[in-house]
Amino acid sequence: MPGDKSISHRALMFGALAIGETRVEGLLEGEDVLATAAAMRAMGAGIEREDGGAWLIRGVGVGGLLQPRTALDMGNSGTSTRLLMGLIASHPITATLIGDASLSGRPMGRVIEPLSQMGADFTASPGGRLPLTMRGLCPAVPITYRLPVASAQVKSAVLLAGLNAPGTTRVIEPVPTRDHSERMLRGFGAELTVEQTPEGRIITLRGEAELKPQRIVVPGDPSSAAFWMVAASIVPDSDIVIANVGLNPTRTGIITALRMMGADIVEVDARIVGGEPVADLRVRHAPLRAIEVPPDLAPTMIDEYPALFVAAAFAQGRTVARGAGELRVKESDRIAAMAAALCANGVAVEEREDGLIVTGSGGDPIPGGGQVASKLDHRIAMSMTVAGLGARAALSIDDVTPVATSYPDFFATLDMLTNHEARS
């Protein structure tokens, strides 16, 4: 698997804020993560790739970010944008953030609001979108912020702003989201605590932190592994091992959901790598049955819903997936995009505001033969590629170039898997 995208972003950012040299192995070298690397270089960090594939980061220390000379181009990366907004918010610099057409359509207001409370000033495009210019404040104002929606990006942005703010910053998280920021910040030496309370998780961070450089091994990305879990489940006679998959409990909702559907997924050689649980996953073909996806799984599998919708298209019965309204504001409106893509290929789909109801084929091939609009969304392109493996007639995807943002080797891996039997 390619390195976990969420962890790769954070390794670059936190390494850039440490004093000394951080070494990162297994970094995802997709376009999104490279956009983060370029932005941190533009603000003074030394970041370079060694011949062996490891990345070295020479940090400037918390509070040491420099004024970028040009606009920071975030490409397609919402994670880069929102987390960098948090970093810049508590530094005395001004930065303009720009992105591609897809990213420029995504709302940033949910991050602008708490960072404005901390003293940052924003001039954004209509609707709180990119391009935007922000001016950080130093010292920033520490706040206690209750997340109005489950969002690891908003949580992380507030915590990153709190690193360079005097006093204590708190985030109250009613619904748990991925906790890579908390785990990694503690690993870098930040004073951070997490308390479970009746009103949710309370994350408390002491500001004006001094981060220490680390050696980080990035586990494989479970969001990328999801495509192969679904592919192996729906293609007869499949039997694959997906190596080195990160199994952080805030990221394993897709495994839970697929197992509920009857998928044959077995963890092998469970271990801890860099503070994160990791295992190899053996996945074999299995008949899938429709389920009602528990809404409380949504925060732990929000990026994997497109792949789950494909699994549902091959299951027996009607799968009901609700509680995922956040999909409307991803790289594309993933609910609408997947509904259109599946319908175009003969799958019965009912679109709801917060999800889809998918009537599956009972394990038979889907008709296929349709055109798919990827909407500049890597996960739509990869999900429908997997759907094509079980289609009677070839389907056509208008643009797969966005796949490079998260999984540059996706199609090479697909070729290896589908040609394995012929080579053997």
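Described in the following lines is the structure provided in the data block. (Residues numbered from 1 in each chain as written. Predicted model: local features only at pLDDT ≥ 70, side-chain atom pairs only at ≥ 80, totals over all residues. Heavy atoms only, no water.)

Remarks on the pattern of salt bridges
Opposite charge on two side chains lets them pair, provided their charged atoms get close.
Thinking step 1. On inspection of all chains with the given rule, the structure shows 34 salt bridges.
Thinking step 2. The partner of Arg23 in a salt bridge is Glu50, with the nearest N and O atoms 2.8 Å apart. Highlighted residues: Arg23 in strand E1 (residues 21–25) and Glu50 in the loop between strand E2 (46–49) and strand E3 (55–58), separated in sequence by 27 residues.
Thinking step 3. Using a relative accessible area of 30% as the deciding quantity, one classes Arg23 as partly exposed.
Thinking step 4. Given the relative accessible area of 28%, Glu50 is considered partly exposed.
Thinking step 5. The partner of Glu182 in a salt bridge is Lys155, and the shortest N-O contact between them spans 2.8 Å. You can see Glu182 sitting in helix H7 (residues 180–187) and its partner Lys155 sitting in helix H6 (residues 152–163), a full 27 residues away along the chain. (Salt bridge = Lys/Arg side-chain N within 4 Å of Asp/Glu carboxyl O. Helix = DSSP H or I, 4+ residues; strand = E, 2+ residues; numbered from the N terminus. Buried < 20%, exposed > 50% of the residue type's maximum accessible area, 1.4 Å probe, protein only.)

A closer look at helix H2 (residues 31–42)
Thinking step 1. Look at H2: 16 Å from first C-alpha to last across 12 residues, which is about the 16 Å you get at 1.5 Å a residue.
Thinking step 2. Residues Asp32, Val33, Ala35, Thr36, Ala37, Ala39 and Met40 constitute the buried set of H2.
Thinking step 3. Note on H2: the residue one or two positions beyond its end, Gly44, has a positive phi of about 110°. (Expected span 1.5 Å × (residues − 1).)

Notes on the side chain of Ser77
Thinking step 1. Topologically, Ser77 is positioned in the loop between strand E4 (72–73) and helix H3 (78–89).
Thinking step 2. Since its relative accessible area comes to 0%, Ser77 is described here as buried.
Thinking step 3. In terms of polar contacts, Ser77 uses its side chain to reach the side chain of Ser80, at 2.7 Å.
Thinking step 4. Non-local contacts of Ser77, meaning those with residues more than four positions away in its chain, are made with His9, Asp32 and Leu103. (Polar contact = N/O pair within 3.5 Å; in protein donor to acceptor, adjacent residues only side chain to side chain. Contact = heavy atoms within 4.5 Å.)

Notes on the sheet that holds strand E14 (residues 264–273)
Thinking step 1. With antiparallel pairing, three strands are arranged side by side in an open sheet as E13-E15-E14. The strands lining the two open edges of the sheet, one partner per strand, are strand E13 (239–246) and E14. In this sheet, neighbouring strand axes are inclined to one another by 15° on average, regardless of whether the strands run parallel or antiparallel.
Thinking step 2. Contacts from helix H9 (residues 253–260) reach E14 and strand E15 (276–284) within the one sheet, and its direction differs from that of E14 by about 155°. (Pairing = 2+ DSSP bridges. Axes fitted to C-alpha atoms, helices over the stretch in contact; angles between N-to-C directions.)

Things to note about H6
Quick reminder: α-helices carry 3.6 residues per turn. Residues three or four places apart thus point the same way.
Thinking step 1. Between its terminal C-alpha atoms H6 stretches 16 Å, which fits the 16 Å expected from 12 residues at 1.5 Å a residue.
Thinking step 2. By the criterion of burial, H6 is predominantly enclosed, with 12 of the 12 residues buried.
Thinking step 3. Taken together, the buried positions of H6 are Ala152, Gln153, Val154, Lys155, Ser156, Ala157, Val158, Leu159, Leu160, Ala161, Gly162 and Leu163.

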